[in-house]
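Topology and contacts: notes
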Amino acid sequence: MTRDLDTTTTATTAPPPATDAAPAPARRKDWRRLTVVAMIAGPGLVAASAGNDAAGIATYASAGSQYAYGTLFFMVLVTIALVMVQEMAVRLGAYTGKGLGALIREQFSLRLTALAVFCLLLANTGLVVSEFAGIGAAFEFLGVPKWAVVPPAAILLWSLVLFGSYRWAERIFLLMSLAFFAYPIAMILGHPHWGTVGSHLVIPHMQGSKAFILLAVTLIGTTVSPYMQFYAAAGVVDRGARPEDYRLIRADAVIGAVFACVISLTIITATASAIGGTGPLTSAAQAAKALEPVAGQGAELLFALGLIGASALAGAVVPLSASYAVGEAAGVERSVSRSFRDAPLFLGVFTAQIALGAIVALTPVNVIQLLIGTQVLQGLITPIVLVYLLVLTNRRSVLGKAANGPRYRIAATAVVVGVAGMSTILLVQTVLGWFGLA
């Protein structure tokens, strides 16, 4: 595999003058650093941005419409969790040269490996459907029936992965993430009450109701989605990163996580400013109202463009994460840069998910209910995957000196326990509800 992380070559040149030309090498060094940063930006940013997919937009918009600014502090906590989780995922990829699926296969039993892969496939199946449903819903805003756009979109995304290299596909994914800038603009032009926004960011306004806990688990599921960890680790490996590249890889993961969460906060704030307190969303048209301060009568167009970009990005990344996991667990070739003949299982799983997602999305489904429902499932499965991630990054036999230190281990454990606790409360409340006890 061709490495994408180029090392700096040195050339024999005459020493620079000791007077006016002295700052030139420093300037060239600064530009070189910026070039390297631009080159390294990839798996972390792509994985985190993919979390703001069609389902994510629906979830964040519903949080704003239902509780106005009440979930902002909770999202700050979720941001911290995402930063730590994504950092651990890319650290595994950089220091071991293996994806999360391969490490689970090596470090755990066959049954536990099967459990991890099954959970990911279960969660991802609904997500892939939701991405194509999001594309269909976006084009319906523009007056185009979904049957006319979903099949071509599926073929386009499939071709992008099947016939392109990893580096080329990754750059396309990064360009797709530009669609998210519509939401910060909507937030600013929506003129929210900044004092209220600030107080909700730093002061907890959480509730103990079943509805709030359900939404909280859904927010966790859409922000710290299991596929993001599998994709981030595998993406680092696929682009040929090495341990010495870890500092920039970590920067990519952290910046990507923070960027994704800032976008999610702006979606919540924009929606809260426009339709806050009106209750849960029941249609994508309601979510489009959050962009009216930006586009006026063209709000639906702007919302549609953002939804298309977000859905297309995740429509490729989500099935890729499952393909990486299955290929790693089976110990076979897995890379976007490989042909179907070289990696039949990897690209076969990807193809099957794309086909299934597009077919189901063409059926008459309630898009908002589907999008939010998939995130609830993500929230319930997330703790399981995080346990694998935590155990692997704690083991010195896997990471050596790069394993979690005592303080990081405590903080990461608190994140996993917190996420698992929220999911457990939701499960208990749901079961009790079945018997009329909650």
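Heads up: these notes are all about the structure in this document.

**Re the overall build of the chain**
Scanning the chain from terminus to terminus reveals 20 helices and zero strands. Counting the 438 residues in the chain, one finds 53% classified as buried. When contacts within the chain are restricted to residue pairs at least 6 apart in sequence, those whose partners lie at least 24 apart make up 86%. As presented, the chain carries roughly 18,400 Å² of accessible surface, and 68% of it is formed by carbon and sulfur atoms.

**Things to note about the nonpolar core**
Ranked by internal contacts, the top residues of the largest apolar core, which has 110 residues, are Leu92, Leu100, Ile104, Phe132, Leu389 and Leu392. Tallying contributions element by element places helix α16 (residues 299-330) first for this core, with 15 residues. Not counting the four nearest positions on each side in its chain, Ile104 is found in contact with Thr113, Ala116, Phe230, Tyr388 and Leu392.

**With respect to the packing of aromatic side chains**
Within the structure shown, the criterion is met by five aromatic pairs. Note on Tyr67 and Phe212: the rings are 5.2 Å apart at their centroids and 80° apart in plane angle, and the pair reads as edge-to-face. Highlighted residues: Tyr67 in helix α3 (residues 54-67) and Phe212 in helix α11 (residues 210-223), separated in sequence by 145 residues. Here Tyr67 falls in the buried class, since its relative accessible area comes to 17%. With a centroid separation of 5.1 Å and 75° between ring planes, the pair formed by Phe108 and Tyr388 is classed as edge-to-face. Taken together, the residues span a long stretch of sequence, with Phe108 in the loop between α5 (100-107) and α6 (110-141) and Tyr388 in helix α18 (residues 367-394) at a distance of 280 residues. For the pair Phe108 and Tyr388, a shared accessibility class is recorded, and that class is buried. Seen from the ring of Tyr408, Arg91 lies directly overhead, with NZ or CZ sitting 5.3 Å from the centre.

**Notes on the layout of surface pockets**
Any space left empty among the atoms is revealed by the rolling of a water-sized probe across them. In this model, the second largest pocket occupies a volume close to 230 Å³. When residues of the lining of the second largest pocket are traced back to their parent elements, those giving at least two are α4 (72-96) and α20 (406-434). Here the residues of the lining of the second largest pocket sort into 12 nonpolar, one polar and no charged.

**Considering the packing of α6 against helix α7 (residues 150-162)**
In the contact formed by α6 and α7, the axes pass within 10 Å of each other and the chain directions differ by 130°. Classified by the interaxial angle, the pair formed by α6 and α7 is oblique. Along this stretch, α6 crosses α7, giving a crossing that reads as right-handed. Residue-level inspection shows Phe132, Ile135 and Gly136 of α6 in contact with α7, the latter providing Val150, Ala153, Ala154 and Leu157. Split by residue class, the contact of α6 with α7 holds six nonpolar, one polar and no charged.

**Observations regarding the packing of α4 against α11**
Running from N to C, α4 and α11 point in directions that differ by 35°, and their axes come no closer than 10 Å. Relative to α11, α4 is oriented so that their crossing is right-handed. Where α4 abuts α11, its residues Phe74, Met75, Val78 and Leu82 lie against Ala216, Leu219, Ile220 and Thr223. Taken together, the residues of the contact of α4 with α11 sort by class into seven nonpolar, one polar and no charged.

**What about unusual backbone geometry?**
Despite not being glycine, Ala68 has its phi angle at roughly 55°, a positive value. With respect to the helices, strands and loops of the structure, Ala68 is situated in the loop between α3 and α4.

**Regarding a nonpolar patch on the surface**
Judged by side-chain polarity, Ile185, Ile188, Leu189 and Trp194 come together as a nonpolar surface patch covering roughly 390 Å² of accessible area. When residues of the nonpolar patch are assigned to their parent elements, the largest contribution, three residues, is made by helix α9 (residues 182-189). Of note, Ile188 is situated in helix α9.

Rules used throughout
- Position labels on residues start from 1 in each chain and follow its written sequence.
- The model is predicted, so local features are restricted to residues of pLDDT at least 70 and side-chain atom pairs to those at 80 or more, both for listing and for counting; the totals for chains, interfaces and linings are taken over all residues.
- As a rule here, side-chain values cover all heavy atoms of the structure and leave hydrogens and water aside.
- In this text, helices come from DSSP runs of H or I with a minimum length of four residues, and strands from runs of E with a minimum of two, each type numbered from the N-terminal end.
- Per-residue accessibility, obtained with a 1.4 Å probe over protein chains only, is compared with the maximum for each type, and a residue is labelled buried under 20%, exposed over 50%, and partly exposed between these values.
- Whether two residues are in contact is decided by their heavy atoms, any of which lying within 4.5 Å being enough.
- In these tables, accessible area is a Shrake-Rupley quantity obtained with a 1.4 Å probe, and a residue counts as shielded only by the protein chains included in the view.
- Nonpolar core, defined: a set of buried Ala, Val, Leu, Ile, Met, Phe, Trp, Tyr and Cys residues in which side-chain atoms within 4.5 Å join the residues together.
- Note on aromatic contacts: the rings of Phe and Tyr and the six-membered ring of Trp form a pair at centre separations within 6.5 Å, being stacked when their planes are under 30 degrees apart, edge-to-face when over 60 apart, and tilted otherwise.
- Only Lys NZ and Arg CZ are tested; either one counts as a charge over a ring when it is within 6 Å of the ring centre and within 35 degrees of the ring normal.
- Using only the protein atoms, space was sampled on a 1 Å grid; points where a 1.4 Å probe fits but cannot get out form cavities, open sets with protein on both sides within 12 Å along at least five of seven lines form pockets, and lining residues are those with an atom within 4 Å of a point.
- Grid points are joined across faces, edges and corners, and a volume is the space filled by probe spheres set on the points.
- Classification convention: Asp, Glu, Lys, Arg as charged; Ala, Val, Leu, Ile, Met, Phe, Trp, Tyr, Cys, Pro as nonpolar; all other residues, Gly among them, as polar.
- Inter-axis angles, ranging from 0 to 180 degrees, are taken between N-to-C directions of lines fitted to C-alpha atoms, where helices are fitted over the stretch in contact.
- Each angle gets one of four labels, with under 35 degrees taken as roughly parallel, over 145 as roughly antiparallel, 65 to 115 as roughly perpendicular, and the rest as oblique.
- Handedness of a crossing is defined here by the sense of rotation of the near helix relative to the far one, left-handed for an anticlockwise turn of less than a right angle and right-handed for a clockwise turn.
- Nonpolar side chains (Val, Leu, Ile, Met, Phe, Trp, Tyr) are joined into patches within 5 Å and like charges within 9 Å, using only residues with over 30% relative accessible area and no salt bridge.
- Between Lys or Arg on one side and Asp or Glu on the other, a salt bridge is scored when a side-chain nitrogen of the former is within 4 Å of a carboxyl oxygen of the latter.

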